[in-house]
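The chain contents come next:
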Amino acid sequence: MPRVLDLRSDTVTQPTPAMRDAMARAEVGDDCYHDDPTVRRLEERVAVLLGKPSAVFLPSGTMANQLAVHVHCRPGETLACAPGAHVQVHEDASAARISGVQIMPIGDPAGFGTGQLEALVREESCGWPRVGLVWLENTLGTAGGSIWPLPQLRALAELARRHGRSIHLDGARLWNAHIASSAALPDLAACADTVSVSLSKGLGAPAGSVLAGETETVVRVRALRHALGGSMRQAGILAAAGLYALEHHVERLAEDHARARRLAHAISDLACWRARTPETNIVLCDLAPPWEAAEALCRPLRDAGVLCYPNLYREVRFVLHLGIDDEALEEVVARVRAVCGVAAPALTS
Ligand SMILES: *Cc1c(COP(=O)(O)O)cnc(C)c1O
């Protein structure tokens with residue numbers, strides 16, 4: 001059986017030997033008492049990187065997002081986001097379940113503009129709920145890891161603040177946006193009141209996200225984390241992986257971006273899809289007729305030892321990450337071409 005090459009997501013990475021070493025050596029304490037020195041170092045490090053006063057370590061990006069919804073909104077308010085935002089389609093309707101918040105998608109999967117946000121705020125009367133939270137995501141996952149440009153984020157932040165609205169930036173892949181666009185992290189983070197970043201996607205740590213913002217907000221988020229059972233005792237073991245990743249795995253994201261471009265190019269001539277040119281580490285391939293279901297391509301690829309993700313919208317998704325080096329990429333290309341190139345006509349029947 002050939003080695004399985006997993007490109008479903010950048011969450012599938014395994015901690016490297018050096019990262020495991022850092023975890024094994026981590027100095028720990030009880031983080032429920034905020035006594036874990038490694039967690040505290042991680043929180044301080046992320047706060048400094050993002051240019052925010054405070055930060056709190058959380059088990060996942062989903063919890064970071066949901067706590068942000070909860071601190072910024074009152075029940076009956078809405079959150080305005082791009083359609084397909086993670087908070088809308090991948091978080092089990094938690095904004096409604098936990099916070100009584102309705103999600104109002106505006107714009108398209110690659111973002112929205114000031115005109116669309118302004119129009120939504122203007123509608124607030126006659127049953128239109130108040131927009132309690134303007135939701136930014138960078139990079140935008142559903143759009144294929146596309147970058148929301150800094151000038152647009154600045155204009156949206158200016159508008160939201162003029163109307164007295166809170167802003168959250170879901171920056172699970174903010175590291176990718178920063179590396180690919182050269183926009184400085186504090187400049188990106190300045191466009192939002194709270195920012196969440198993932199350590200377990202492209203950075204390769206086994207778990208964890210960090211939410212940063214004003215100290216008063218972070219204190220509230222820390223209390224909510226505990227209320228929901230999200231405080232972890234000797235969490236420094238995990239935080240050590242995050243600190244290691246921040247040190248060693250941020251700059252290297254440029255390699256994932258270059259490999260994503262190479263992959264898209266190397267499979268762009270196949271008749272089954274049109275591969276979009278990636279801006280970061282995600283390659284989206286839009287199915288071409290007669291292909292209808294992404295699963296019909298993902299299944300034979302899986303049998304050939306390449307795992308990819310079948311998207312709802314007739315897309316196949318490949319995500320590059322630190323587990324896929326040049327040699328693995330060549331193997332991916334060879335297997336994809338073998339399955340989707342030569343064998344494709346037979347598969348359609
Ligand atoms: C993965 C992801 C999350 C959720 O992170 P988890 O740690 O998997 O809960 C939130 N937002 C975006 C944009 C993501 O890609």
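Model, not experiment: these values are computed from the prediction.

(A) The sheet that holds strand β9 (residues 273–275), seen in detail. Reading across the sheet, the 4 strands line up as β9-β10-β13-β12 and stay open at both edges, with antiparallel pairing between neighbours. Sheet topology places β9 and β12 (309–311) at the edges, where each strand pairs with a single neighbour. The sheet shows a mean angle of 30 degrees between the axes of neighbouring strands, taken without regard to direction. Two strands pair when backbone bridges link them, and β9 and strand β10 (residues 282–287) are joined in this way by 3 bridges, in the antiparallel orientation. For alanine 275, the partnering residue across the bridge sits in β10 and is cysteine 285.

(B) Summary view of the site of the ligand. With respect to spatial proximity, the complete set of residues near the ligand consists of Ser60, Gly61, Thr62, Asn65, His86, Glu91, Glu137, Asp170, Ala172, Arg173 and Lys201. At a separation of 2.7 Å, an oxygen atom of the ligand approaches a polar side-chain atom of threonine 62. Separating a nitrogen atom of the ligand from a side-chain N or O atom of aspartate 170 is a distance of 2.6 Å. Considering the ligand on its own, with 380 Å² of exposed area, one finds that the protein chains cover 85% of that surface. If one sorts the elements of the shell around the ligand by residue count, helix α3 (residues 61–72) sits on top with 3 residues. Each residue belonging to the shell around the ligand can be placed in one class, and the counts come to 1 nonpolar, 5 polar and 5 charged.

(C) The domain arrangement of the protein, seen in detail. Parsing the protein into structural domains produces domain 1 (15–248) and domain 2 (252–339). Its C-alpha centre places domain 1 at a distance of 28 Å from the equivalent point of domain 2. Across the contact, 19 residues belong to domain 1 and 13 residues belong to domain 2. One can count 0 salt bridges joining domain 1 with domain 2. Joining domain 1 to domain 2, the criterion identifies 3 residue pairs in polar contact (both at pLDDT 80 or more). In terms of residue count, helix α8 (residues 174–181) provides more of the side of domain 1 that touches domain 2 than any other element does, 4 residues in total. Taken together, the residues of the side of domain 1 that touches domain 2 sort by class into 6 nonpolar, 12 polar and 1 charged.

(D) Looking closely at unusual backbone geometry. Looking along the chain, the bond that leaves asparagine 138 and enters threonine 139 is cis, with omega of 0 degrees. Within the secondary structure, threonine 139 sits in the loop between β5 (131–137) and α7 (150–162). For the bond from proline 289 to proline 290, the omega torsion is 10 degrees, close enough to zero to count as cis. Within the secondary structure layout, proline 290 lies in the loop between β10 and α13 (295–303).

Cut-offs and rules
Residues numbered from 1 in each chain as written. Predicted model: local features only at pLDDT ≥ 70, side-chain atom pairs only at ≥ 80, totals over all residues. Heavy atoms only, no water. Pairing = 2+ DSSP bridges. Helix = DSSP H or I, 4+ residues; strand = E, 2+ residues; numbered from the N terminus. Axes fitted to C-alpha atoms, helices over the stretch in contact; angles between N-to-C directions. Near = heavy atom within 4 Å. Polar contact = N/O pair within 3.5 Å; in protein donor to acceptor, adjacent residues only side chain to side chain. Areas by Shrake-Rupley, 256 points an atom, 1.4 Å probe, with all protein chains shown as cover. Nonpolar A, V, L, I, M, F, W, Y, C, P; charged D, E, K, R; others polar. Domains from an automatic or database assignment. Contact = heavy atoms within 4.5 Å. Salt bridge = Lys/Arg side-chain N within 4 Å of Asp/Glu carboxyl O.

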